[in-house]
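What follows is the residue order along each chain.
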Amino acid sequence: MITGIAARVRSLWRGLTHRSDVEAEVHEEFRFHVDARVEDLIRTGLSRPEATRRANIEFGSFEHYKDEARAARGLRLFDELSFSWLDVRLAFRMLRRYPCLTVVGGLAMAFGIAAAVVGFEIVTQLANPRLPLDRGERIVALQNWHVGESRVESRLLHDFVTWRDELESVVELGAFRSVWRNLVVGERAESVEVAEISASAFPLARVPPLLGRWLGPSDEAAGAPPVMVIGYDVWQTRFDGDARVVGRVVRLGTVPTTVVGVMPQDYAFPVAHSFWVPLSPSTFGSARGEGPSLVVFGRLANGVSNEQAQAELTTIGARAATAFPVSHALLQPRIVPFTRAIFEPDGEFWLGLGLGNVFLLMLIVLASANVALLLFARAVTREAEIAIKGALGANRARLVTQFFAEALVLAVFSAVIGLAVARFGLAWFVAMADVANGAGALPFWASDTLSLTSVGYTSALTLLAALIAGVLPALMVTRSDHRTRLNHLTPGGGGTMRIGGVWTVLIVVQVAVTVLFPAAAFNFYRWTAPAQTTDVGFPAAEYVSARLDLDDGAASPSAPRMDMERSRDELARRLVSEVGVDAAFSTRPPGAQHEQAWFELEGQTPAPQGATRFRASIASVGFDFFAALDVPIVDGRAFLSVEQQSAANVVIVNKAFVEQALGGRNPIGSSIRRGAGRMAEPGPWYEVVGVAVNLGMAGNTGGPGVYFPLDPTLASLYVIAHANGDAASFASRLRNLAVEVEPNLQVTEIMRLDEVQKSYTVDTRYFSRVLAVISAVALLLSLMAIYSVVDFTVTRRTREIGVRVALGASPQSILSAIFRRPLIHVGVGILVGAVLVVATSSGMFGGLPTFGDSVLMAGYVVLMWAVCMLACVVPTRRALRVEPVEALRGD
Amino acid sequence: MIPNILPGTLDLLILKAVSLGKLHGYGVLLRIVRMTDDGMNVQQGALYPALYRLEHQGLIKSEWGVSENGRKAKYYRLSAAGRRRLDEQAESWNEFAAMIARALAATPQEV
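What counts as what
- Residues numbered from 1 in each chain as written.
- Chains lettered and ligands numbered in written order.
- Predicted model: local features only at pLDDT ≥ 70, side-chain atom pairs only at ≥ 80, totals over all residues.
- Heavy atoms only, no water.
- Helix = DSSP H or I, 4+ residues; strand = E, 2+ residues; numbered from the N terminus.
- Contact = heavy atoms within 4.5 Å.
- Areas by Shrake-Rupley, 256 points an atom, 1.4 Å probe, with all protein chains shown as cover.
- Pairing = 2+ DSSP bridges.
- Phe/Tyr/Trp six-rings, centres within 6.5 Å; stacked < 30°, edge-to-face > 60°.
- Buried < 20%, exposed > 50% of the residue type's maximum accessible area, 1.4 Å probe, protein only.
- Lys NZ or Arg CZ within 6 Å of the ring centre and 35° of its normal.
- Salt bridge = Lys/Arg side-chain N within 4 Å of Asp/Glu carboxyl O.
- Buried area = accessible area lost by both parts, 1.4 Å probe.
- Polar contact = N/O pair within 3.5 Å; in protein donor to acceptor, adjacent residues only side chain to side chain.
- Patch = residues over 30% accessible without salt bridge, like charges linked within 9 Å, V, L, I, M, F, W, Y side chains within 5 Å.
- pLDDT = per-residue confidence, 0-100.
- Axes fitted to C-alpha atoms, helices over the stretch in contact; angles between N-to-C directions.
- Parallel < 35°, antiparallel > 145°, perpendicular 65-115°, else oblique.
- Left-handed = near helix turned anticlockwise from the far one by under 90°.

Peer 1: Help me understand the overall build of chain B, please; the structure alone is not making it clear to me.
Peer 2: Within chain B, the regular secondary structure consists of four helices and three strands. Within chain B, contacts between residues at least 6 apart in sequence are counted, and of these 48% link residues at least 24 apart. A total of about 6400 Å² of accessible surface is found on chain B, and carbon and sulfur atoms cover 55% of it.

Peer 1: Would you mind going over the sheet that holds strand 1 (residues 23-24) of chain B with me for this structure?
Peer 2: Paired through backbone hydrogen bonds, the strands of a sheet run either parallel or antiparallel to each other. All names here are of chain B. Taking strand neighbours across the sheet as the criterion, the three strands line up as 1-3-2 in an open arrangement whose pairing is antiparallel. Of all strands in the sheet, those bounded by a partner on one side alone are strand 1 and strand 2 (60-66). Both strand 1 and strand 3 (residues 72-78) contribute to a ladder of two bridges, which runs antiparallel. Paired with His24 across the strands is Tyr75, a residue of strand 3.

Peer 1: Just checking my understanding: could you explain the packing of aromatic side chains for this structure?
Peer 2: What describes a pair of aromatic rings is the distance from one ring centre to the other and the angle between the planes of the rings. Inspection of the entire model under this criterion finds 28 aromatic pairs over all chains. Taking the centre distance of 6.1 Å and the plane angle of 85° together, the rings of A:Phe297 and A:Phe338 count as edge-to-face. A residue pair is termed long-range when its members are at least 10 positions apart, and A:Phe297 in strand 10 (residues 295-300) and A:Phe338 in helix 13 (residues 338-342) qualify at 41 residues. A:Phe338 shares its class with A:Phe297; the two are buried. A centroid spacing of 6.4 Å and a plane angle of 50° characterise the contact between B:Tyr48 and B:Tyr52, whose relative ring orientation is tilted. With B:Tyr48 and B:Tyr52 both in helix 3 (residues 47-56), this residue pair falls four residues apart, about one helical turn. Across this residue pair, the class does not change: B:Tyr48 and B:Tyr52 are buried. In textbook terms, an aromatic cluster arises when at least three aromatic residues are bridged by ring pairs, as seen for A:Phe30, A:Phe59, A:Phe62, A:Tyr65, B:Tyr48 and B:Tyr52. Here the guanidinium or amino end of A:Arg568 rests over the ring plane of A:Phe585, the centre of that ring lying 5.9 Å away. Lying across the ring of B:Tyr75, B:Lys22 places its NZ or CZ 5.5 Å from the centre.

Peer 1: Help me understand helix 1 (residues 9-19) of chain B, please; the structure alone is not making it clear to me.
Peer 2: For an α-helix the count is 3.6 residues per turn, leaving residues at separations of three or four pointing the same way. Residue and element names in this part refer to chain B. Here helix 1 lies mainly inside the structure; ten of its eleven residues are buried. Of all the residues in helix 1, the buried ones are Thr9, Leu10, Asp11, Leu12, Leu13, Ile14, Leu15, Ala17, Val18 and Ser19. Residues of helix 1 that are buried sit in contact with strand 1, helix 2 (25-35), helix 3, strand 2, strand 3 and helix 4 (80-104). With its phi angle positive at about 140°, Gly21 sits one or two positions after the end of helix 1.

Peer 1: Any chance you could explain the pattern of salt bridges here in plain terms?
Peer 2: As a working rule, side chains carrying opposite charge can pair if their charged atoms are close by. One pass over the full model with this rule turns up 37 salt bridges over all chains. A salt bridge links A:Asp35 to B:Arg71, with the shortest nitrogen-to-oxygen separation between them at 2.5 Å. Here B:Arg71 lies in the loop between strand 2 and strand 3 and A:Asp35 lies in helix 2 (residues 19-43), a pairing that spans two chains. A:Asp35 sits in the partly exposed class, given a relative accessible area of 25%.

Peer 1: When you look at the interface of chain B and chain A in this model, what are you seeing that I'm missing?
Peer 2: Accessible area lost during the coming together of the parts is what is often quoted as the interface size. Contact residues are listed per partner, giving 25 residues for chain B and 26 residues for chain A. Looking at the side of chain B facing chain A, the largest losses of area belong to B:Tyr26, B:Tyr52 and B:His56, adding up to 31% of the total buried there. Here chain B is connected to chain A by twelve residue pairs in polar contact (both at pLDDT 80 or more). At the level of secondary structure, the elements contributing two or more residues to the side of chain B that touches chain A comprise helix 2, helix 3 and strand 3 of chain B. At six residues, helix 3 of chain B tops the list of elements feeding residues into the side of chain B that touches chain A.

Peer 1: Can you walk me through unusual backbone geometry in this structure?
Peer 2: Where the residue is not glycine, phi is negative for most of them; where a peptide bond is considered, it is trans in most cases. Residue and element names in this part refer to chain A. With an omega dihedral of 10°, the bond running from Phe269 to Pro270 counts as a cis peptide bond. Within the secondary structure layout, Pro270 lies in the loop between strand 8 (255-262) and strand 9 (275-278). In this structure, Asp630 is a non-glycine residue whose phi angle is positive, near 60°. Position of Asp630 among the secondary structure elements: in the loop between helix 21 (625-628) and strand 16 (633-636). With relative accessibility at 67%, the residue Asp630 sits in the exposed group. One non-glycine residue, Glu749, lies in positive phi territory at about 50°.

Peer 1: Can you help me understand a nonpolar patch on the surface in this one?
Peer 2: Residue and element names in this part refer to chain B. Together, Trp93, Phe96, Met99, Ile100 and Leu104 give the surface a local cluster of nonpolar side chains, amounting to about 500 Å² of exposed area. With respect to the helices and strands, Phe96 occurs in helix 4. The exposure class of Phe96 is partly exposed, given its relative accessible area of 44%.

Peer 1: Help me understand the environment of A:Ala661, please; the structure alone is not making it clear to me.
Peer 2: As for its position among the elements, A:Ala661 is in helix 23 (residues 655-662). The sequence separation of A:Ala661 and A:Phe599 amounts to 62 residues, and the corresponding C-alpha distance is 9.5 Å.

Peer 1: Just checking my understanding: could you explain the side chain of A:Ser169 for this structure?
Peer 2: All names here are of chain A. Assignment of secondary structure puts Ser169 in the loop between helix 8 (157-166) and strand 3 (170-185). A polar contact of 2.5 Å, which involves the side chain of Ser169, links it to the side chain of Glu312. Apart from the residues within four sequence positions on either side, Ser169 is in contact with Arg299, Leu300, Ala301, Val304, Gln308, Ala309 and Glu312.

Peer 1: What is the right way to read the pairing of strand 1 (residues 139-146) of chain A from this model?
Peer 2: For a regular strand, the rule is simple: side chains alternate between the two faces of the sheet. Residues and elements named next belong to chain A. Among the eight residues that make up strand 1, seven are buried, leaving the element largely enclosed by the rest of the structure. Relative to strand 11 (residues 331-337), strand 1 runs antiparallel, the two being bridged by seven bridges. Within strand 11, the position partnered with Trp145 by the bridge is Gln332. Pairing of strand 1 with strand 2 (residues 151-153), which is carried by three bridges, proceeds in the antiparallel orientation. Paired with Asn144 across the bridge in strand 2 is Glu153. Between the antiparallel neighbours strand 1 and strand 2 lie four residues, among them Ser150 with a positive phi of about 50°.

Peer 1: Hey, could you run me through the confidence of the model for chain A in this one?
Peer 2: Should the pLDDT be low somewhere, the predicted coordinates at that spot are not to be read in detail. All names here are of chain A. Taken as a whole, chain A shows an average pLDDT of 81; of its residues, 87% reach a score of 70 or greater. Within chain A, the lowest mean pLDDT, 57, falls on helix 18 (residues 482-489), and the highest, 95, falls on strand 6 (residues 227-230). Contacts of residues 554-559 to residues separated by more than four positions or lying in other chains number nine contacts, the stretch itself having pLDDT below 50. Within the model, pLDDT remains below 50 along residues 605-611, and this stretch shows five contacts once partners closer than five positions in the same chain are excluded.

Peer 1: Would you take a moment to explain the packing of helix 1 of chain B against helix 4 of chain B for this structure?
Peer 2: Between two packed helices, the angle of one axis relative to the other and the distance separating the axes together describe the packing. Residue and element names in this part refer to chain B. The contact between helix 1 and helix 4 brings their axes to 10 Å, and the two run at 125°. In terms of axis orientation, helix 1 runs oblique to helix 4. The hand of the helix 1/helix 4 crossing is left-handed. Across the interface between the two elements, Thr9, Leu12, Leu15, Lys16 and Ser19 from helix 1 touch Gly82, Arg83, Arg85, Leu86, Gln89, Ala90 and Trp93 from helix 4.

Right, here's the structure in full:
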């Protein structure tokens, strides 16, 4: 079977690539046969001429059997397609002869292919993630599905123990959870994400340690000495690659912990971890159905299918439901691929992703359609060549093949460039996603290289692009038969080709999209600009902010825990006494995106613009927040410390709130409250006691903000303090101070305040760039299309222009006669685009456009018109230079 | 009258011919004529498409050599796959022929 296929492929390949050699061999073989027969016949007594005649008759027609021979080798199909190297060579020649078309069309296709492949790769990776571990496809997660509430119940400490003891079809069963701990190495303290994980995870992953050992079962026992395994990067950065790191004792929270092993580079099981400590189920001591959230994982035993394992798990689940009806009656244990337990995209996510991919596919179709238009317009200049080819016997299929070959060669080049761009684009995308979510946040199975499936998809896209760009114009060009074409080529006949309805629609849509994209990019910028440019109101670069969280775990009996309020106060006290700076506390650092809420004003006579509800950013801040940041209270007063302790109903609003919500009225003494929502009653009334300067509470609406006194029960908040010049050294002092105050106080997101702002706008800046690139490509495509249409028009009507010039027509009248139709198309396109722009902007900003917006819009339309006219410059000059004598002389 | 070759049997005859030793195309023709006691009328040119088809399927292999009269000629020999195919086809052909023979020899008492 295999040898048969191999023989066929070899034979086909030889037949296709060495056609002339093979044919010569066949001829020689036939010749040998006939000559041998002649000799035999002569031996029977015939004369040579008679023997030759008989031999030839007995053999039959050489040509007939040569043809049969090609069919026998499976080459007939290729003959009928008549796709030969000649076509490819011809295609190369045409592409070289029209470099402008090649470059512009090729780039457009390459861009489309690159974008579509990146989109497809993301779908592939999400839909079919592959764990880069030994037999990773057999690693599964075990979950409890809550039937009543349609959700995963992840508090399964007791189930984990049961499963581990009873399940036979899933082996190396383990569990993990992610916790944040303060890691203190020498003098340096920082908050790190640690995997509390079963020792079985290491044999499960089958990756040997680089140094030392894995976690072992004995490490899980209650009372075992605390140990930790670290990742390669951590070993390099935190421990300077110290070869004697194994055995070193560091502090994790309050607990002295011994490093027992280093895992090799790129090992990050279960998700993106670099620190592993043992998970000891016995230490939690919580009731069934309670306790920490865990992910349980294991490896399907050898020879066990997913269904068999599920069946066994279901049986165990049924026993649990009978034994513990209160907690387990509605739980159904199930086995899912490991990656699904970490990230499970929902239907909406898939829909968004699917639509995104369809959009990218449309981009390719649009780019290819443009190349088709270019090829069609160029075909006008080759009409004579096509007609003559037809007259010489080339059938329609032959001509279509040639167009297709040309488009295919172009598409293949584009695909190669597109793949390269996609490769870097994907790496960029993965890097961006890492930055947006904090370094190393993508799971270890996210790959920044293209899969084979995606490369296969590229081939399909290439073929699609070539079909659209090649076959479409070819069919239109070869619609009339060659006799008609030849007739039309005679002097006075005019061309047969017309720009039809399809092309008209294409150009109008194209121009409309071109008008829309830069405007959308601009609107997007305007929409997000407040977040990007708001002045935070003080020298942000001199301040450092950090997030404080009180960790729940790893309490040590020797060090009683403090609550957040006391930790916070103690930290502020030590910052003043030891560093000499005042600390401010807030639920959000200035410059970050703030939570937003609706507010109502008490007893308001109609407020400006008739609205009584206002949207404003909100924050809870310490009573000394404004003093610590050294920003003035412009009216009224700051919070009092007693107001903070008693959680008094007072608020401070910012100047933007006064201007935008109150029309500049003095707000001191008036009351506001959180507005009623669909789900909530209105909040209690708060008295406005002060007005602060605008401190950059970034949000969609830009400005208005309301400050509440800090809630002492908050478990998480931000500290903001002046860095006294050196942000980096301040950061490490802050970290160390925090750990000294309370070992379980996590300090994360330490950054300068000006960086806070940037980190919140990473996504939008990224998206703006993508929009800008798409706008540029759309513009390029459009200009290309307009150019080709106008150029086409001039070529087709050269003779007519000649007649007009000969009859004394002025240049203006010639231009208006020749360019009326294409210019109408462009005009309609710009108009449609402008309407879309107005519609989307009013959707984004609400209300009707202001006078300023209208002027801006008019200016934009004129600008786009001018840009589109640029594409007409060359053909117009050509039209005006038409010499009547030349034009009328004919071809 | 010399019968025309039955459709489908030319391949079998070629395989059989080259199974007895490597041959050039004209030699295949002569051997078939000899094997069938001059009883088969093979259209000479039709031999070659059949040879190429068998070669394309990997049942026979070819190589260029020198003929008995010193000319360059293409020689064919059976491949391992061709040997298997020949055995299968020979068996089924023999069964078929025997069956037809039995049928034609049937007497009124037997039916």
